[in-house]
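Fold and contact review
The lines below spell out each chain.
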Amino acid sequence: MPSQASDKNGPPPLPEPLRVPVADSHTHLDMQSGTVEEGLARAASVGVTTVVQVGCDVKGSRWAAETAAEHASVHAAVALHPNEAPRIVGGDPDGWSRQGAREPGGDAALDEALAEIDGLAALAHVKGVGETGLDYFRTGPEGRIAQERSFRAHIEIAKRHCKTLVIHDRDAHADVLRILEEEGAPERTVFHCYSGDAAMAETCARAGYFMSFAGNMTFKNAQPLRDALAVAPLDLVLVETDAPFLTPAPYRGRPNAPYLVPITVRAMAAVKGLEEDVLAEAIARNTARAFDY
């Protein structure tokens, strides 16, 4: 049986533990192997003592809320992912979103799904509304009306329930920033898996938006992300896995999980020219502030 370290397709080995505990500000435990308890224990063993479990559809958001209710170290965020809204409205014949083929439901079906997210957002252990936003990578112009309607609705839900807004922004920077300005952003807004450049980081900083960096900031081709991190104010920086996606180098392509956060923290500390413990203390403080726990 190959070991974790030698199996090129299996889970990466445990990194050296952080001395100062931090939170994984964005993960998908429901898409990872093993039990929730195993994943949380593995993370805690290396100093990742809190996770934010993020829903991408109604079913996943229900699961996130239930899991947060059962585990003190888990906080939930609930939403319809930007790519989910067009699938609800226009149908999903390929069943791409893990829910099987779906017929078009129109605006009424989107309203029904948003009402369920609204109800979940009222729960005390649900700390965020997200991931919501815009994704122009997987959704073409025909789906953007549904995406934008859903995004604006999520902003309203977050503000009404005084919850943190968690942004998914893929190839849509200008429109995401424009809509946040038009609607008025909630008091706490997090750009999950920050994907903009240094100029956008300065714009986010002026608005007080948190920027959460994932394992892709370690990739060779990610210099724009490192440049953005370099200028991002220390008090607005978070770390995340987005697991099981975006596993940091040198394990890119293998399964990601919250226990790999220390690798990204160390890479971030190098970019910012900070001691690991100093950055970890800031991240822990920032995440608690960002999600109001």
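Here is a short report on the structure shown in this document. (Residues numbered from 1 in each chain as written. Predicted model: local features only at pLDDT ≥ 70, side-chain atom pairs only at ≥ 80, totals over all residues. Heavy atoms only, no water.)

**Overview of helix α8 (residues 223-231)**
What sets the pattern is the α-helix's 3.6 residues per turn: residues three or four places apart point alike. Residues of α8 that are buried: Leu225, Arg226, Ala228 and Leu229. Take α8 and look down its axis: the buried residues cluster within an arc of 160°, on one side only. (Buried < 20%, exposed > 50% of the residue type's maximum accessible area, 1.4 Å probe, protein only. Helix = DSSP H or I, 4+ residues; strand = E, 2+ residues; numbered from the N terminus. Arc of directions from axis to C-beta.)

**Section: the sheet that holds strand β8 (residues 237-239)**
The strand order β1-β2-β3-β4-β5-β6-β7-β8 describes an open sheet built from eight strands, whose pairing is parallel. Here the strands that pair on one side only, and so sit at the sheet edges, are β1 (22-27) and β8. Within this sheet the neighbouring strands show an average axis-to-axis angle of 30°, counted without direction. Where strand β5 (residues 164-170) meets strand β6 (residues 189-191), three bridges bridge the pair, whose relative direction is parallel. Bridge assignment links Ile167 to a residue of β6, and that residue is Phe191. Contacting β4 (126-135) and β5, helix α5 (residues 141-161) runs over the sheet at an angle of about 155° to β4. Where helix α7 (residues 198-207) meets the sheet, its contacts fall on β5, β6 and β7 (210-213), and the angle it forms with β7 comes to roughly 135°. (Pairing = 2+ DSSP bridges. Axes fitted to C-alpha atoms, helices over the stretch in contact; angles between N-to-C directions. Contact = heavy atoms within 4.5 Å.)

**Some details on the packing of aromatic side chains**
When we look at a pair of aromatic rings, we describe it by the centre distance and by the angle of the planes. If you walk through the whole model with that rule in mind, you get two aromatic pairs. Where Phe191 meets Tyr209, the ring centres are 5.7 Å apart and the plane angle is 35°; that geometry is what we call tilted. Here Phe191, found in strand β6, pairs with Tyr209, found in the loop between α7 and β7; they are 18 residues apart in sequence, far enough to count as distant. Residues Phe191 and Tyr209 agree in their burial class; the two are buried. With a centroid separation of 5.5 Å and an interplanar angle of 45°, the aromatic rings of Tyr194 and Phe213 are classed as tilted. Here Phe213 lies in strand β7 and Tyr194 lies in the loop between β6 and α7, a separation of 19 residues in the sequence. Overall, Tyr194 belongs to the buried group, its relative accessible area being 1%. Classification of Phe213 by relative accessible area gives buried; the value is 0%. (Phe/Tyr/Trp six-rings, centres within 6.5 Å; stacked < 30°, edge-to-face > 60°.)

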